[in-house]
Amino acid sequence: MTSVKEHLLRNEEDIQRILSIVLSKTTAELYASGDYELSTSEERLLEDLVSKRSKGYPFAYIAKTQGFYEHEFIVSEDVLIPRPETELLIEIVKAKFTDKNNFKVLDMGTGSGIIAISLKSIFKDWSITATDISEKALNIARQNIEKILSSKGIDLYLSDWFNELSHQKYNLIISNPPYIAEGDKHLKDLEYEPISALTSGKDGMDSINNIINNAPKFLEKGGFLLLEHGYDQANAVRDLLEKDFHNIKNYQDLSGNDRATIAQIKIF
Ligand code: GLN
């Protein structure tokens, strides 16, 4: 049997964070119990998790949790791991719509629910609907709604983009859709995440195309569409938007990459 201290000295990837999970101890408790000898099953679990990490398995899936904006979200292999870039969408909404009451918002492809839940926890009187094509993802979103919002206030729909939505209209449609091109070399670093949350057609634009083309039917007069997109897609997104939208504005993420675009529906 090996002690906590001996494991900590092994200097393996994330060993301290993984030990914390295996033994359900905080970092301080770990160091205070350096002499504790791991049981055979604890040792086996530790080796398994260390080996997964060494193959690039994301820590968030081991911890089953990931921070986003102001909350800790439950995650599993059924959902994309929340990215810091996506916090930009929340910042844009806060900057532009703080004074809006009873706004109706649709979050498409919600995954773990990070956008819908973050917005609902800031704007308590907004009515928020969220969709996903994956029942398993919606289950995770449901767990997060229960954990963070005590089950209150978000309508969830199993839907392939707009397909299952009745013709309700929204003031704001928001989405972080899949936008990576099929076959992109970047995907090899993302092999443990659901491919349907990452790629969308040969140029990564299929979902964005679908959302931009259909959004006008679902937007209130003067409503807005806010999309996250790839660093090299801002111009293509703008071109698609120009048919039905105006007041198009692009935003950069903290790395200085084009990452989000907002536009307002034209009033005919
Ligand atoms: N931003 C993610 C990445 O490049 C992709 C997420 C997405 O396609 N929406 O890692």
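Reading the values: rules and limits
- Residues numbered from 1 in each chain as written.
- Predicted model: local features only at pLDDT ≥ 70, side-chain atom pairs only at ≥ 80, totals over all residues.
- Heavy atoms only, no water.
- Near = heavy atom within 4 Å.
- Polar contact = N/O pair within 3.5 Å; in protein donor to acceptor, adjacent residues only side chain to side chain.
- Areas by Shrake-Rupley, 256 points an atom, 1.4 Å probe, with all protein chains shown as cover.
- Nonpolar A, V, L, I, M, F, W, Y, C, P; charged D, E, K, R; others polar.
- Core = buried A, V, L, I, M, F, W, Y, C linked by side-chain atoms within 4.5 Å.
- Buried < 20%, exposed > 50% of the residue type's maximum accessible area, 1.4 Å probe, protein only.
- Helix = DSSP H or I, 4+ residues; strand = E, 2+ residues; numbered from the N terminus.
- Contact = heavy atoms within 4.5 Å.
- Salt bridge = Lys/Arg side-chain N within 4 Å of Asp/Glu carboxyl O.
- Pairing = 2+ DSSP bridges.
- Axes fitted to C-alpha atoms, helices over the stretch in contact; angles between N-to-C directions.
- Phe/Tyr/Trp six-rings, centres within 6.5 Å; stacked < 30°, edge-to-face > 60°.
- Lys NZ or Arg CZ within 6 Å of the ring centre and 35° of its normal.

J.: So, the site of the ligand: which residues are in play, and what are the values?
T.: Not every one of the 13 residues close to the ligand is listed here, only the nearest: Arg-83, Asn-176, Pro-177, Tyr-179 and His-186. Residue Asn-176 places a side-chain N or O atom 2.7 Å away from a nitrogen atom belonging to the ligand. His-186 places a polar side-chain atom, nitrogen or oxygen, 3.3 Å from an oxygen atom of the ligand. When the ligand is considered free in solution it has 300 Å² of accessible area, and contact with the protein chains removes 92% of it. Looking at the shell around the ligand, its residues break down into eight nonpolar, two polar and three charged.

J.: Summarise the nonpolar core; cite the residues concerned and give the values.
T.: Residues Val-93, Leu-119 and Leu-226 are the most contacted members of the largest nonpolar core, which totals 30 residues. Mapped onto this core, the elements with two or more residues apiece are helix H6 (87-97), helix H7 (114-122), strand E4 (127-132), helix H8 (135-149), strand E6 (170-175), strand E7 (219-228) and strand E9 (258-265). Looking at which element gives the most residues to this core, the answer is H6, with six residues. Leave out the neighbours within four places in its chain, and Leu-226 touches Leu-89, Ile-92, Val-93, Leu-172, Ile-173, Ile-174, Ser-175, Ala-260, Thr-261 and Ile-262. Core analysis: the second largest hydrophobic core is formed by 28 residues, Met-205, Ile-211, Ile-248 and Ala-263 among them.

J.: Report on the pattern of salt bridges, specifying residues and quantitative values.
T.: Think of it this way: side chains of opposite charge can pair up when their charged atoms draw near. By the definition in use, this model includes 11 salt bridges. Across the salt bridge formed by Glu-13 and Arg-53, the nearest N and O atoms sit 3.6 Å from each other. Placement of Glu-13 in the loop between helix H1 (4-8) and helix H2 (15-23) and of Arg-53 in helix H4 (residues 40-54) is noted, with a sequence separation of 40 residues between them. Between Lys-104 and Glu-220 there is a salt bridge, with the nearest N and O atoms lying 2.5 Å from each other. Of the two residues, Lys-104 is situated in strand E3 (residues 104-108) and Glu-220 in strand E7; the sequence distance between them amounts to 116 residues.

J.: Outline unusual backbone geometry, listing residues and values.
T.: A positive phi angle, close to 50°, is found at Tyr-69, a residue other than glycine. Looking at where Tyr-69 falls in the secondary structure, it is placed in the loop between strand E1 (65-68) and strand E2 (71-74). The phi dihedral of Trp-161 is positive, around 45°, even though this residue is not glycine. By the element assignment, Trp-161 lies in the loop between strand E5 (154-158) and E6. Residue Trp-161 is classed as buried on the basis of its relative accessible area of 12%.

J.: Report on the sheet that holds E5, specifying residues and quantitative values.
T.: Pairing within the open sheet is mixed, and its seven strands lie in the order E5-E4-E3-E6-E7-E9-E8. Across the chains shown, the open sheet's two edge strands, defined by having one partner strand only, are E5 and strand E8 (245-252). On average, adjacent strands in this sheet sit at an angle of 15° to one another, irrespective of strand direction. Direction of pairing for E4 relative to E5: parallel, over a ladder of five bridges. The residue of E5 that forms the bridge with Ala-130 is Leu-156. H7 rests against E3, E4, E5 and E6 of the sheet, and its axis sits at about 170° to E4. Strands E4 and E5 of the sheet are contacted by H8, whose axis makes an angle of about 170° with E5.

J.: Go over the packing of aromatic side chains, please, and point to the residues and values.
T.: Counted by the stated rule, this structure contains eight aromatic pairs. Ring centres of Phe-97 and Phe-103 lie 5.1 Å apart, and the angle between their planes is 40°; this geometry places the pair in the tilted category. Like Phe-97, the residue Phe-103 is buried in the burial classification. Ring centres of Phe-123 and Trp-126 lie 3.8 Å apart, and the angle between their planes is 5°; on these two criteria the pair is classed as stacked. In textbook terms, an aromatic cluster arises when at least three aromatic residues are bridged by ring pairs, as seen for Phe-97, Phe-103, Phe-123, Trp-126 and Phe-224. Cation over ring: Lys-25 sits above Tyr-36, and NZ or CZ is 5.5 Å from the ring centre.

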